[in-house]
Amino acid sequence: MNLREKYPLENKKPLKKTIEKVWSWFLFLSLIIFFIFIIEINQNVLLPTTPIILIVLILLFLLFISIYFYEIFYMRYYFYDIVEANLIIKKGVFSRNEITIPFNRLQDVYVDQDVLDRIFGLYDVHVSSATHISSQLSHIDGLNKRNSEIIKGFILQRIGKNDR
């Protein structure tokens, strides 16, 4: 049994990631509406903004639904495991990324949360090595506190075994 099956991601992860992405789109579209409104005021022509706002809300709803389903599929394809002397992390739906990090190359292991993680009670396990790409791809996000600490412990044990 691999780590992904034994210590799974939380089902709240897709909703958290969806809110994170839709929020940025909401801010972007709000700025566009604001600038349209400013242009209308400067030209002394006030167009009815209700249809524009309605279109933006419909767009945000469709965006929310599509991103949410994408995040569900992303979570299903998310894989992590410890195989021999390596940590393997696979991510992605349309383009799959796989990173394999030998334990003797790992320099740091830590658990953290961003603001939305705190709201949803999620934790991320980060590992890093000397390479640039490892800092971008080598994290397991969307775990509960117990599972994140257990996985961190497994990784630290493996690092300790390789130091000897």
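These lines cover the structure that appears in this document, whether it is placed above or below. Note that the structure is a prediction, hence the values are computed from the model and not measured.

1. Quick look at the sheet that holds strand β2 (residues 86-91)
If you trace the three strands from one edge of the open sheet to the other, you get β1-β2-β3, paired in antiparallel fashion. In the strand order of this sheet, the two ends are held by β1 (79-83) and β3 (97-102), each with one partner. Mean inter-strand twist for the sheet, computed between neighbouring axes without regard to direction, equals 15°. Where β1 and β2 come together, five bridges link them in antiparallel fashion.

2. Some remarks on the side chain of K91
The topology assignment puts K91 in strand β2. Buried and unpaired, K91 has D141 as its nearest opposite-charge partner, separated by 4.7 Å. A polar side-chain atom of K91 sits 3.0 Å from the main-chain carbonyl oxygen of H139.

3. Here we look at the environment of I19
Checked against the element boundaries, I19 lands in helix α2 (residues 13-42). In sequence terms I19 and Y68 are 49 residues apart; their C-alpha atoms lie 8.6 Å from each other.

4. Section: the sheet that holds strand β6 (residues 139-143)
Reading across from one edge, β4-β5-β6 is the order of the three strands in this open sheet, with antiparallel pairing throughout. Whereas interior strands pair on both sides, the edge strands pair on one side only; in this sheet they are β4 (108-112) and β6. For this sheet, the mean angle separating the axes of adjacent strands, direction not counted, is 10°. Relative to strand β5 (residues 123-128), β4 runs antiparallel, the two sharing five bridges.

5. Considerations on a nonpolar patch on the surface
Among the surface-exposed residues, L54, I58, F61, L62, I65, F69, F73 and Y77 lie close enough to one another that they form a single nonpolar patch of about 810 Å² accessible area. Exposure remark for Y77: the relative accessible area of 42% places this residue in the partly exposed category.

What counts, and at which threshold
Residues numbered from 1 in each chain as written. Predicted model: local features only at pLDDT ≥ 70, side-chain atom pairs only at ≥ 80, totals over all residues. Heavy atoms only, no water. Pairing = 2+ DSSP bridges. Helix = DSSP H or I, 4+ residues; strand = E, 2+ residues; numbered from the N terminus. Axes fitted to C-alpha atoms, helices over the stretch in contact; angles between N-to-C directions. Buried < 20%, exposed > 50% of the residue type's maximum accessible area, 1.4 Å probe, protein only. Lys, Arg positive; Asp, Glu negative; His and termini not counted. Salt bridge = Lys/Arg side-chain N within 4 Å of Asp/Glu carboxyl O. Polar contact = N/O pair within 3.5 Å; in protein donor to acceptor, adjacent residues only side chain to side chain. Patch = residues over 30% accessible without salt bridge, like charges linked within 9 Å, V, L, I, M, F, W, Y side chains within 5 Å. Areas by Shrake-Rupley, 256 points an atom, 1.4 Å probe, with all protein chains shown as cover.

None of this, on its own, says anything about what the molecule does.
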